[in-house]
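# Residue-level structural notes
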Amino acid sequence: MSTLKPIIGHFHPIWLPSTMTWLYRQVVELGMHCDNFVYAEKKDHEQRFPIENLRLFSELPVFERMSDRFKKKFGFTDSLNSLTQMMRMDQIQLLHSHFGHIGVTGAAMAKSVGIPHVVSFYGLDIHHIPKKYPSLGANYEKMFRSTERVFCEGAYMAQSIVGLGADPDKVKVHPLGIDLDSISFEPRVWDQKGPINFLIAASFRQKKGIPLALKALAEIKKHHEIRITIIGDSGLDQESLLEKKNIYDTVHQHNLESVVTFLGFKSHMEMFEIAREHHIFVQPSLHAENGDCEGGIPVALIELAASGMMVVGSDHCDIPSVVVDGETGWLSMENSLVDLVNKISECINNYNSWSDIAKNARKLIELDYCAKSQSQKLFKHYLEVINAG
């Protein structure tokens, strides 16, 4: 291990849920600039997300884990002491917590170790989690006071975080980067002879707006031959299972069975292979009843726009940062069926301009969402925080 590189710790309870390819990419790209250690309570999908320096709470002796849990639960400590001991042994110089509510514990651990703390917000930690756990508000304020920088994906999210009590000077817009080297650019072409192939790719959550997309495509079906492919599925929680039922009910109610194919969850690579056979990606994200929202921008939307696929999104959260209506895609008003139908129709009617739209989108994404350049920018933030201490 090079002694010239700063040593950075990353904290997330599970390394790593299957849908968090974007977080894996962020940490891997940082390896060019610093030595990274990941601290987690347990591991998942380790073959998909291999990481060299992974420190796991779950692999500690049972008594040690029980003692830590007891002390944290009853307020003797705000952190997991066993993980902080690992951090001291690894001599990390800065801790980066991923998700705001995770940062509450992360900030306490960083304070215990005596190192600076930064945190990234990603969406559900802005509205959904605080609404579900109202007491978290005071914990957020405490975390913000002892955190040097708060990262987020765009202006909407930044404003929301300030509303939660963060110092505006600490909040930094830092979009997630995507691996552009692995995404070939193939502007879609429709010859007006075959069907228009639509893709929906998302976990089955209300914020993704999948039933709304299906209702809009049912209207499009009245005028065009279409095919719809849905990549994704529900989680095991009741809210997600209920949304899955809603999605299937919508397909049945609008007589879409003959044109819809459900593929379930697919790997990142498989998603891209499937997407190559599709023309238009539909992502009408919206604020869910439980307060959940994208917060920033769905990574799949950025990646598929970069591949040359046409994108129809909504003006939800920071999606307009990537989807500029009529320039890099089409943007509908959030939760408006009429406007979504109109924007999908506009996209179809302007099929001759798809190549230009795709080039515009790729250029914007190369400028602001390239993983390599974003990791460089994040590393500069790390250095500034470390040197300021």
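Right, let's walk through the structure included here. Please read all numbers here as calculations on a predicted model, not as lab measurements.

What counts, and at which threshold
Residues numbered from 1 in each chain as written. Predicted model: local features only at pLDDT ≥ 70, side-chain atom pairs only at ≥ 80, totals over all residues. Heavy atoms only, no water. Helix = DSSP H or I, 4+ residues; strand = E, 2+ residues; numbered from the N terminus. Rg over C-alpha atoms; globule rule 2.2 N^0.38 Å. Buried < 20%, exposed > 50% of the residue type's maximum accessible area, 1.4 Å probe, protein only. Contact = heavy atoms within 4.5 Å. Areas by Shrake-Rupley, 256 points an atom, 1.4 Å probe, with all protein chains shown as cover. Lys, Arg positive; Asp, Glu negative; His and termini not counted. Charge placed at Lys NZ, Arg CZ, Asp CG, Glu CD. Pairing = 2+ DSSP bridges. Axes fitted to C-alpha atoms, helices over the stretch in contact; angles between N-to-C directions. Arc of directions from axis to C-beta. Core = buried A, V, L, I, M, F, W, Y, C linked by side-chain atoms within 4.5 Å. Right-handed = clockwise from strand over helix to strand, strands pointing away. Phe/Tyr/Trp six-rings, centres within 6.5 Å; stacked < 30°, edge-to-face > 60°.

Each helix and strand in the chain was counted, giving 14 helices and 15 strands. Against the compact-globule benchmark of 21 Å for 389 residues, the chain has a radius of gyration of 22 Å, which places it among compact chains. By its C-alpha atoms, the chain is 65 × 40 × 40 Å across when sized along the principal axes. Burial status across the chain gives 54% buried among its 389 residues. Within the chain, residue pairs in contact and separated by at least 24 positions form 70% of the contacts whose partners lie at least 6 positions apart. Put simply, the chain shows about 17,600 Å² of open surface, and 51% of that area lies on carbon and sulfur atoms. Both charge centroids of the chain, one from 40 positive and one from 47 negative side chains, sit 4 Å from each other.

Taken together, 7 strands build an open sheet; the order of strands is β5-β3-β1-β6-β7-β8-β9 and the sheet is parallel. Edge positions in the open sheet fall to β5 (54-56) and β9 (171-173), since each of these has one partner strand only. In this sheet, adjacent strand axes meet at a mean angle of 25° when their direction is disregarded.

Attention now goes to the sheet that holds strand β12 (residues 260-264). Sheet architecture is open: 6 strands sit in the order β12-β11-β10-β13-β14-β15, paired in parallel fashion. Taken across any chain shown, the strands that pair with only one partner, and hence form the sheet edges, are β12 and β15 (330-332). Sheet twist, expressed as the average angle between the axes of neighbouring strands with direction ignored, equals 20°. Pairing geometry for strand β10 (residues 196-201) and strand β11 (residues 226-231), over 6 bridges, is parallel. Considered in β11, the bridge of Ala201 is made with Ile231.

This part takes up helix α6 (residues 136-145). Listed in full, the buried residues belonging to α6 are Leu136, Tyr140, Met143 and Phe144. Each buried residue of α6 sits inside an arc of 100° when the element is viewed along its axis, so together they form one side. Exposed and oriented more than 90 degrees from the buried face of α6 are Ala138 and Arg145. Residues of α6 that are buried sit in contact with α4 (100-113), β7 (117-120), α5 (128-132), β8 (149-152) and α7 (155-163).

This part is about helix α1 (residues 21-30). Among the 10 residues of α1, 7 are classified as buried, and the element is accordingly described as predominantly covered. Those residues of α1 that fall on the buried side of the exposure criterion are Trp22, Leu23, Tyr24, Gln26, Val27, Glu29 and Leu30. Along its buried surface, α1 packs onto β1 (7-11), β2 (14-15), β3 (35-40), β6 (94-98), α11 (299-306) and α14 (371-388).

Next up on the list: the nonpolar core. Core analysis: the largest hydrophobic core is formed by 58 residues, its most contacted members being Trp15 and Ile365. The element that contributes the greatest number of residues to this core is α11, accounting for 6 residues. Residues in contact with Trp15, not counting those within four places in the same chain, are Leu23, Tyr24, Val27, Val38, Ala40, Lys42, Lys43, Asp44, Phe49, Ile51 and Leu54. Judged by nonpolar contacts, the second largest core, of 36 residues, contains Ala202, Ala213, Leu217 and Cys347.

Judged by how many residues are buried, β6 sits mostly within the fold: 5 of 5 residues are covered. The side-chain alternation of β6 yields two buried faces, one formed by Leu94, His96 and His98 and the other by Leu95 and Ser97. Across 4 bridges, β1 lies against β6 in parallel orientation. Within the sheet, the bridge partner assigned to Phe11 lies in β6 and is Ser97. Sheet topology places β6 next to β7; 4 bridges connect them, and they run parallel. Counterpart to His96 in the pairing with β7 is Val118. Taking the sense of rotation as the criterion, the β-α-β connection linking β6, α4 and β7 turns out right-handed.

How two aromatic rings sit relative to each other is set out by the distance from centre to centre and by the angle between their planes. In total, this model carries 10 aromatic pairs according to the counting rule given. Ring geometry for Tyr24 versus Phe49: centroids 5.3 Å apart, planes at 50°, classification tilted. Here the residue Tyr24 occupies a position in helix α1, and Phe49 occupies one in the loop between β4 (42-43) and β5, the gap between them amounting to 25 residues. Given the relative accessible area of 15%, Tyr24 is considered buried. Of the residues examined, Phe49 reaches a relative accessible area of 2% and is grouped as buried. When the centroid spacing of 4.2 Å and the interplanar angle of 10° are considered together, the rings of Tyr248 and Phe262 count as stacked.

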